[in-house]
Amino acid sequence: MESLTRRVAGWPAWRRWGLLLVVVALFWGTLLMSLHTTNLPLRLLLVAIAVATMLFMAYVGRAVTCEGRDPMRREDRRYVREFTPVMAAYFLIMLFVWPLHKEAGPLWLKGLIAFTPAIPVALMIMAMVRYVLGSDEFMQRMHFQALAVAAGVVGFVSMALGFLAASKVLTVDGATPLLLVFPALCLTYGAALFWCKRRYRG
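Below: a short report on this structure. (Residues numbered from 1 in each chain as written. Predicted model: local features only at pLDDT ≥ 70, side-chain atom pairs only at ≥ 80, totals over all residues. Heavy atoms only, no water.)

**Section: the overall build of the protein**
Then, in step 1: When you go through the protein residue by residue, the secondary structure sums to eight helices and zero strands.
Then, in step 2: Listing every helix and strand of the protein by position from the N terminus yields α-α-α-α-α-α-α-α.
Then, in step 3: The C-alpha extent of the protein, read off along each of the three principal axes, is 55 × 45 × 30 Å.
Then, in step 4: A separation of at least 24 residues holds for 71% of the contacts in the protein among residues at least 6 apart in sequence.
Then, in step 5: Separation of charge centres in the protein, based on 21 positive and 10 negative side chains, amounts to 4 Å. (Helix = DSSP H or I, 4+ residues; strand = E, 2+ residues; numbered from the N terminus. Contact = heavy atoms within 4.5 Å. Lys, Arg positive; Asp, Glu negative; His and termini not counted. Charge placed at Lys NZ, Arg CZ, Asp CG, Glu CD.)

As structure tokens, this is what we get:
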């Protein structure tokens, strides 16, 4: 994989970004297809493809952001090893376990099933924390800057949407905003980290 990362890092920028966009599209495409099929073997196959694509995406993303300079450090490899199986467990739980809460009888069982996806999310956060703490001081500084930007942006958007919802200008589902906070934080954090790396490199 690392030899592939170095090879891709030598490509022109437009080819590297094009490959990354194709991989991201394949990842989300397989996930969406797995949600819309009832065929169990096909669903498991699609989840396996999504997980493999996510692993490939980590190496391609490294080639895009680092351009061949130190393509995969020790802490990066540990993070990928920890994050990938947890993410796979999250996909499987969301596809096969979480929908069962609709048919659960007792309230405690319904709550237990509904809470199950939060367990791999907690493991993801632990892997992220270990990744940041295992980085050198310079990388930690960039991670903390990216986290500050992400927290500020997501906090502001959440407050703005909250005011709009409170004034009845915007109608939102009760659970949807809470479910979107963590993904929004992760996406904003990733974009902010990429910006920090480009800024320091420039």
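What follows continues from the structure just given.
**Overview of the packing of helix α6 (residues 118-133) against helix α7 (residues 137-166)**
Then, in step 1: Remark: α6 packs on α7, axes separated minimally by 8 Å, with the N-to-C direction vectors making an angle of 135°. In terms of axis orientation, α6 runs oblique to α7. In contact with Y131, V132 and L133 of α6, α7 contributes Q140, H143 and F144.
Then, in step 2: Split by residue class, the contact of α6 with α7 holds four nonpolar, two polar and no charged. (Axes fitted to C-alpha atoms, helices over the stretch in contact; angles between N-to-C directions. Parallel < 35°, antiparallel > 145°, perpendicular 65-115°, else oblique. Nonpolar A, V, L, I, M, F, W, Y, C, P; charged D, E, K, R; others polar.)

**Quick notes on the environment of P12**
Then, in step 1: For P12, the location among the structural elements is in the loop between α1 (2-9) and α2 (13-35).
Then, in step 2: Spatially, the C-alpha atoms of P12 and V64 are 9.9 Å apart, while their sequence positions differ by 52 residues.

**Some details on the pattern of salt bridges**
Then, in step 1: Under the criterion given, the structure shown has one salt bridge.
Then, in step 2: The salt bridge involving E82 is made with R130; its shortest N-O contact spans 3.3 Å. On the criterion of sequence distance, the pair formed by E82 in helix α4 (residues 74-97) and R130 in helix α6 is long-range, its members being 48 residues apart.
Then, in step 3: A relative accessible area of 22% places E82 in the partly exposed class. (Salt bridge = Lys/Arg side-chain N within 4 Å of Asp/Glu carboxyl O. Buried < 20%, exposed > 50% of the residue type's maximum accessible area, 1.4 Å probe, protein only.)

**Quick word on α2**
Because an α-helix completes one turn every 3.6 residues, residues spaced three or four positions apart along the sequence face the same direction.
Then, in step 1: Between its first and last C-alpha atoms α2 spans 33 Å; for 23 residues at 1.5 Å apiece the expected length is 33 Å, and the two agree.
Then, in step 2: Residues R16, L20, V23, F27, T30, L31 and S34 constitute the buried set of α2. (Expected span 1.5 Å × (residues − 1).)

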